Amino acid sequence: MVWRNAFLDPAQAGGWAVLYSQQHFLADSNGVLFPRDWVKRQDLPIIGEQGIGHFGEDAVYLLQLKPSATLEGCTWQSLRQFMLQGEAETFRMLAYAAQIGTWYAEHRFCGSCGAPTRQLPGERAMRCDSCESQHYPRISPSMIVLVTRGDEILLARSPRFVTGVYSTLAGFVEPGESVEHCVAREVREEVGVEVKNLHYIGSQGWPFPHSLMLGFHAEYAGGDIVMQEDEIEDARWFRVDDLPPLPASRSIARHLIDLYVARRLGLPEPSLP
Ligand SMILES: NC(=O)c1ccc[n+]([C@@H]2O[C@H](COP(=O)([O-])OP(=O)(O)OC[C@H]3O[C@@H](n4cnc5c(N)ncnc54)[C@H](O)[C@@H]3O)[C@@H](O)[C@H]2O)c1
Ligand SMILES: [Mg+2]
Ligand SMILES: [Zn+2]
């Protein structure tokens, strides 16, 4: 089944609902989709409602709930869990739903003047009538890069990672800089080395909570590894045939690594998930 984003009017009855709060979805043994009209009879603390798209032929709505909400036979499951183990199209749907939920939760009041906002009909925007501003879903561009040196790749560990896992370097683009500049700056800040010959590989929406990852390969150009305090716990060069535990297979971090390794070892190239 294929997921497609769409703007649906919540005034329409019927369809299916995903039940969302703070990066979690209610799920039972049948999954995350519940008959919407039935859900609305369950006396749940609903904060907001959005029509978000179609899963196959079915209309899907996002019901934003208070975190205290409970539904018999259901448990709250994290978006990260669906990224790690869920079916691909279901994860795409939930990734979109979570970002719409985050946007809605963070823009119920105007950031400029503090007045309550209202949702514009027909557009994914929160409107402040008091100061006439509009607030759209926020997307945070971030670079992610695999630094390479022939048969070696530079991987690092953040203290936040699962024990033993090493990954590529990543960081948020700052206002006014290009993504290319961000790659060079973040690599310098996090591991102290210089890079050259950037190659853009591809991008990935990353809903934790609203990053857009822009992925690169870059060649090592000089410098010794100097780790950034607090951010980087360890960073080293690894040979492509002797790698540590790597990030989740659905991440662009993993794709950048797998792609480079495949090219070096003459294996078939993987495609971006
Ligand atoms: N999909 C993937 O494969 C993959 C892999 C690694 C990182 N990521 C994502 O890349 C993003 C950036 O990576 P990072 O954590 O190394 O970033 P980073 O190196 O820029 O440092 C993180 C710090 O940036 C600050 N920050 C948080 N949100 C921000 C924002 N919207 N704009 C600017 N600064 C912000 C915070 O102080 C945070 O501790 C994160 O969202 C992370 O989840 C995705
Ligand atoms: Mg970083
Ligand atoms: Zn306002």
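Residues numbered from 1 in each chain as written. Chains lettered and ligands numbered in written order. Predicted model: local features only at pLDDT ≥ 70, side-chain atom pairs only at ≥ 80, totals over all residues. Heavy atoms only, no water.

Let me state the cut-off plainly: UniProt positions are given in the numbering used here, feature names are shortened, and annotations may be inferred rather than shown by experiment.
The protein chain has the name NAD-capped RNA hydrolase NudC in an unreviewed UniProt entry, where Ectopseudomonas guguanensis is given as its organism. Checking UniProt for the protein chain, the heading Subunit (unreviewed entry) contains the comment "Homodimer." For the protein chain, the Sequence similarities (unreviewed entry) comment in UniProt is given as "Belongs to the Nudix hydrolase family. NudC subfamily."

### Digging into helix H5 (residues 252–265)
Since one α-helical turn is 3.6 residues long, residues separated by three or four positions face the same way. The criterion, for reference: Runs of E in the DSSP output that reach at least two residues are strands. Runs of H or I that reach at least four are helices, and both are numbered from the N terminus. A helix is expected to span 1.5 Å for every residue after the first. Burial classes follow relative accessibility: with a 1.4 Å probe on protein chains only, a residue under 20% of its type's maximum area counts as buried, one over 50% as exposed, and anything between as partly exposed. Note on contacts: a residue pair qualifies if any of its non-hydrogen atoms lie within 4.5 Å across the two residues.
Compared with the 20 Å implied by 1.5 Å per residue over 14 residues, the 20 Å span of H5 between its first and last C-alpha is a close match. Considered for burial, the residues of H5 that qualify are Ile252, Ala253, His255, Leu256, Ile257, Leu259, Tyr260, Val261 and Ala262. If you follow the buried residues of H5, they end up packed against strand S11 (140–149), strand S12 (152–157), strand S14 (194–206) and strand S15 (211–222).

### Re the coordination of the zinc ion (ligand 3)
Counted only if it meets this: Metal-coordinating donors are taken as N, O and S atoms lying within 2.8 Å of the metal, or within 3.2 Å when the metal is Na, K or Ca; because water is left out, some sites can appear incomplete. Here a site with four donors is tetrahedral if all angles are between 85 and 135 degrees, and a site with four or six donors is square planar or octahedral if opposite donors are over 155 degrees apart and the other angles are between 65 and 115; anything else gets the irregular label.
Around the zinc ion (ligand 3), the donor atoms from the protein are Cys110 (SG), Cys113 (SG), Cys128 (SG) and Cys131 (SG), and they sit 2.3 Å away. Classification of the site at the zinc ion (ligand 3) rests on its four donor atoms, whose angles at the metal span 101 to 118°, yielding the label tetrahedral. Here the donor residues of the zinc ion (ligand 3) share one chain and are spaced in sequence as C-x2-C-x14-C-x2-C. Note on cysteine 128: relative accessible area 0%, which makes it buried.

### Considering the coordination of the magnesium ion (ligand 2)
For the magnesium ion (ligand 2), the full set of protein donor atoms is Ala170 (O) and Glu190 (OE), at a range of 2.2 Å. Of the two residues, alanine 170 is situated in strand S13 (residues 169–172) and glutamate 190 in helix H4 (residues 179–191); the sequence distance between them amounts to 20 residues. For alanine 170, a relative accessible area of 31% puts it in the partly exposed group.

### Description of the domain arrangement of the protein chain
Let me state the cut-off plainly: For the domain bounds, the source is a domain assignment made automatically or taken from a database. Once two parts are joined, some of their accessible surface, as seen by a 1.4 Å probe, is lost; buried area is that loss totalled over both. The salt bridge definition used is simple: a Lys or Arg side-chain nitrogen within 4 Å of an Asp or Glu carboxyl oxygen. As used in this structure description, the phrase polar contact means that two N or O atoms lie within 3.5 Å; if the pair is within protein, one of them must be able to donate a hydrogen and the other to accept it, and residues adjacent in sequence are counted only when both atoms belong to side chains. Three classes are used, and their members are as follows: Ala, Val, Leu, Ile, Met, Phe, Trp, Tyr, Cys and Pro are nonpolar, Asp, Glu, Lys and Arg are charged, and the others, Gly among them, are polar.
We note that the domain assignment places domain 1 (3–106) and domain 2 (140–265) within the protein chain. Between the C-alpha centres of domain 1 and domain 2 the distance comes to 32 Å. Between domain 1 and domain 2, the contact holds 14 residues from the first and seven residues from the second. Across the interface of domain 1 and domain 2, roughly 920 Å² is buried in total on both sides, 64% from carbon and sulfur atoms. Contact with domain 2 buries surface across domain 1, with Arg80, Met83 and Gln99 losing the most and accounting together for 50% of the total. Our count for the contact surface shared by domain 1 and domain 2 stands at zero salt bridges. The interface formed by domain 1 and domain 2 includes four residue pairs in polar contact (both at pLDDT 80 or more). Secondary structure elements with two or more residues in the side of domain 1 that touches domain 2: helix H2 (79–85) and helix H3 (88–106). Looking at the side of domain 1 that touches domain 2, the element that brings in the most residues is H3, giving six residues. For the side of domain 1 that touches domain 2, the class distribution of residues is seven nonpolar, four polar and three charged.

### Here we look at the packing of aromatic side chains
Operational definition: Two aromatic rings, drawn from Phe, Tyr or Trp (for Trp, its six-membered ring), form a pair once their centres lie within 6.5 Å of each other, and the interplanar angle then sorts them: stacked below 30 degrees, edge-to-face above 60, tilted otherwise. Criterion for a charge above a ring: Lys NZ or Arg CZ within 6 Å of the ring centre, and within 35 degrees of the ring normal.
Evaluation of the coordinates by the stated rule reveals seven aromatic pairs. Between tyrosine 20 and phenylalanine 25, the ring centres sit 5.1 Å apart and the planes meet at 50°, which makes this aromatic pair tilted. Neither tyrosine 20 nor phenylalanine 25 differs from the other in exposure class; each is buried. By way of ring pairs, the aromatic residues Tyr20, Phe25 and Phe82 are connected into one cluster. The ring centre of tyrosine 220 lies 5.0 Å from the NZ or CZ of arginine 149, which sits over that ring.

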